[in-house]
Amino acid sequence: HAVATDINFRLNRGDYLCIVGENGSGKSTLIKTLLGLIPPLEGEIIFGDGLSARQIGYLPQQTAFQKDFPASCEEIVCSYRDLSGGQQQRVLLARALCAAQKMLLLDEPVAGLDPAAMQEMYHIIAELNREKHMTILMVSHDVEMSVKYATHVLHLGGKLQFFGTKEDYIKTPLRTAFRDRGELSR
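Residues numbered from 1 in each chain as written. Predicted model: local features only at pLDDT ≥ 70, side-chain atom pairs only at ≥ 80, totals over all residues. Heavy atoms only, no water.

**What about the packing of aromatic side chains?**
- In this structure the tally under the stated criterion is 3 aromatic pairs.
- Measuring from centroid to centroid gives 5.9 Å for Tyr122 and Tyr149, while their planes differ by 20°, and the two rings are stacked. Of this pair, Tyr122 sits in helix H4 (residues 115-132) while Tyr149 sits in helix H5 (residues 143-149); the two residues are 27 residues apart in sequence, bridging distant segments of the chain.
- A relative accessible area of 22% means that Tyr149 is categorised as partly exposed.
- A centroid spacing of 5.2 Å and a plane angle of 55° characterise the contact between Phe162 and Tyr169, whose relative ring orientation is tilted. Each of the two residues, Phe162 as well as Tyr169, counts as buried. (Phe/Tyr/Trp six-rings, centres within 6.5 Å; stacked < 30°, edge-to-face > 60°. Helix = DSSP H or I, 4+ residues; strand = E, 2+ residues; numbered from the N terminus. Buried < 20%, exposed > 50% of the residue type's maximum accessible area, 1.4 Å probe, protein only.)

Structure (structure tokens):
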């Protein structure tokens, strides 16, 4: 069944999109659909400017094991043996960057990180966007911090509730309602 409907948006090279919404609103499903890991139930995904799936890096949600994560057992064992959560995320980000040439999809990249590691991760991602002109699509529950760096916001809630600039999103009641329900950070 469709988790979210009527999603239509357009990004340009170098944009930084923050995808927000309640749990179960379709954020991670949207990322996996954009990557071709899940086929869309209807509609189509159009990549312009010669972008191909091979030029997109992916940093999945931080979980112990994820069956669709593209890494061998040896890579995970060698990478995770003695690393903190923040170090693990940096390793996974570096791995995603090996694939990324034009776009990076990040699914809650700061979840479970301590405040210092979280700040560092946001800084690294913003730097990639600013200095390398890498297009960023990031799912986050931490609206205040993630929107701070974004150029655009997409808010899901069963369907597209908002898509536009961060400046326009900040003015909407959606942002306030989302924050007041405790969905901002965990």
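**Focus: the sheet that holds strand E4 (residues 135-139)**
- Across the sheet, which stays open at both edges, the 6 strands sit in the order E2-E3-E4-E1-E5-E6 with mixed pairing between neighbours. Lying at the two open borders of the sheet, with one neighbouring strand each, are strand E2 (56-59) and strand E6 (160-165). Taking the axes of each pair of neighbouring strands and ignoring which way they run, one obtains an average angle of 15° across the sheet.
- Running over the sheet, helix H1 (residues 27-34) touches strand E1 (16-21), E2, strand E3 (103-107), E4 and strand E5 (152-156) and is turned about 140° from E1.
- Sheet contacts for helix H3 (residues 85-99): E2 and E3; angle to E2, the most-contacted strand, approximately 160°. (Pairing = 2+ DSSP bridges. Axes fitted to C-alpha atoms, helices over the stretch in contact; angles between N-to-C directions. Contact = heavy atoms within 4.5 Å.)

**Re the nonpolar core**
- Membership of the largest hydrophobic core comes to 29 residues, with the highest contact counts inside it found for Val20, Leu104, Leu106, Ile125, Ile136, Met138 and Tyr169.
- Listed by contribution, the elements that provide at least two residues to this core are E1, H3, E3, H4, E4 and H5.
- Among the elements that line this core, the one with the most residues is H4, at 6 residues.
- Setting aside anything within four residues of it in sequence, one finds Tyr169 in contact with Val20, Val143, Val153, His155, Phe162, Leu174, Arg175 and Phe178.
- Ile19, Ile31, Leu34 and Leu35 belong to the second-largest nonpolar core, a separate cluster that totals 15 residues. (Core = buried A, V, L, I, M, F, W, Y, C linked by side-chain atoms within 4.5 Å.)

**Structural notes on H3**
- Taking 1.5 Å of rise per residue, the 15 residues of H3 would be expected to cover 21 Å, and the 22 Å separating its terminal C-alpha atoms lies within 8% of that figure.
- If you check which residues of H3 are buried, you get Gly86, Gln88, Gln89, Leu92, Leu93 and Ala96. Along H3, the residues classed as buried sweep out an arc of 155° about the axis, all on the same side. (Expected span 1.5 Å × (residues − 1). Arc of directions from axis to C-beta.)

**Looking at H1**
- When you tally the buried positions in H1, you get 7 out of 8 residues, the bulk of the element.
- When we look at burial in H1, the residues that qualify are Lys27, Ser28, Leu30, Ile31, Lys32, Thr33 and Leu34.
- Buried residues belonging to H1 abut E1, E2, E3, E4 and E5.

**Regarding unusual backbone geometry**
- For Asp6, which is not glycine, the phi dihedral falls at a positive 55°.
- One can find Asp6 in the segment before E1.
- Relative accessible area serves as the criterion here: at 62%, Asp6 is assigned to the exposed category.
- Positive phi values are uncommon outside glycine, yet His133 reaches one of about 55°.
- In this structure, His133 sits in the loop between H4 and E4.
- Judged by relative accessible area, His133 falls into the partly exposed class, the value being 49%.

**So, the layout of surface pockets**
- Of the pockets and cavities examined, the largest pocket occupies roughly 1200 Å³.
- Around the largest pocket, the lining comprises 36 residues; the ones closest to its centre are Phe9, Leu30, Leu34, Glu44 and Ile45.
- Only H1, E3 and E4 provide two or more residues apiece to the lining of the largest pocket.
- Per element, the largest residue contribution to the lining of the largest pocket is 4 residues, and it comes from H1.
- For the lining of the largest pocket, the per-class residue count stands at 19 nonpolar, 10 polar and 7 charged. (1 Å grid on protein atoms, 1.4 Å probe; cavity = no way out; pocket = protein on both sides within 12 Å on 5 of 7 lines; lining within 4 Å. Points joined across faces, edges and corners; volume = space filled by probe spheres on them. Nonpolar A, V, L, I, M, F, W, Y, C, P; charged D, E, K, R; others polar.)

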